[in-house]
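Secondary and tertiary structure notes
Next come the chains, spelled out residue by residue.
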Amino acid sequence: MWSLTGSDVPSGEPLLIVDSRVTGATEEVLDAGVSLGMPRREAEALAPFATVKMRDVGDETRRFEPVVTAVEDLVPRVEVVSPGLLFVPVAGAVRFYGGEESLAARLVEELDALIGARRGGQALVGIADGPFAARWAAATAHPGEANVVTDTISFLFGLDLGALRESMGGDEMIDTFRWLGITTLGDLARLPRETLASRFGNPGVLAQDRKSVV
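Residues numbered from 1 in each chain as written. Predicted model: local features only at pLDDT ≥ 70, side-chain atom pairs only at ≥ 80, totals over all residues. Heavy atoms only, no water.

1. Comments concerning the sheet that holds strand β3 (residues 51–54)
Condition: Any two strands with at least two DSSP bridges between them are considered paired. Numbering of helices and strands runs from the N terminus, with a helix taken as a DSSP run of H or I at least four residues long and a strand as a DSSP run of E at least two residues long. Every axis corresponds to a line fitted to the C-alpha atoms, with the helix fit spanning only the stretch in contact, and the corresponding angles, defined between N-to-C directions, vary from 0 to 180 degrees.
The 3 strands are arranged β2-β1-β3 in an open sheet whose pairing can be described as mixed. Both edges of this open sheet fall to β2 (22–25) and β3, since each of them pairs with a single strand only. Geometrically, the sheet is characterised by an average inter-axis angle of 25° between neighbouring strands, direction not taken into account.

Here is the structure:
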């Protein structure tokens, strides 16, 4: 979580980094039920023990530039989504490095050497078909071990509905789905499209489309 890597971030205490939503949180705060993308007020209610720090996007962007440069040295055409999140087209690089696992391992090694010693500076690397799946492949990776997804559709179907929160901000809709017993993107994908459209309108249809490789 790049928001936690600043030099002015207090060490050794529970911490929440927020704007209107959570952009970073220490382990003990996450253990209290907080998740990235959660509304600030909800996160503060779940973790009243945490120190709250407002996000500084400009500072995060400046500190992230060396990371972008390091990745570009390995794989060209890097797309910066936000400080802490990169998308990289890897088809050509995979051939050069001898496979997805070899490329991913090299990225993990380089990034860990650059930022691994900072608080919140774990390098999470994921490879999958499409940016949404790749984003969550990285999010579910372990520090120091890349997550190379070989069956993207199955991977997406197994994701918790919370994966929609950050990309769509659909907190109320997600809560409704859970109340109906729908907990994964796979559960959502199995619902008749006309039912979703009539009950939730276009946002419901867009939520279901996340099951696809996008």
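Here the narrative resumes, following the displayed structure.
2. Concerning the packing of aromatic side chains
This is how it is decided: Ring pairs shown here join Phe, Tyr and Trp side chains whose ring centres sit within 6.5 Å, with only the six-membered ring taken for Trp; geometry is labelled stacked below 30 degrees between planes, edge-to-face above 60, and tilted in between. For every residue, the accessible area (1.4 Å probe, protein chains only) is compared with the maximum for its type, and the residue is labelled buried under 20%, exposed over 50%, or partly exposed between those bounds. Working rule: Lys NZ or Arg CZ, within 6 Å of ring centre, within 35 degrees of ring normal, means a charge sits over the ring.
According to the stated counting rule, one finds 2 aromatic pairs in the structure shown. Considering the side-chain rings of Trp2 and Phe64, the 5.1 Å spacing of their centres and the 65° angle between planes classify their relative orientation as edge-to-face. Within this pair, whereas Trp2 is found in the segment before β1 (15–18), its partner Phe64 is found in helix α3 (residues 57–74), the two being separated by 62 residues in sequence. By relative accessible area, which is 5% here, Phe64 ends up buried. Measuring from ring centre to ring centre gives 5.0 Å for Phe96 and Tyr97, while their planes differ by 85°; the resulting arrangement is edge-to-face. A residue is classified by how much of its surface remains accessible, and Tyr97, at 19% relative accessible area, is buried. The positively charged end of Arg135 is found above the aromatic ring belonging to Trp136, 4.9 Å away from the centroid.

The quantities given are spatial measurements derived from coordinates; they are silent on function.
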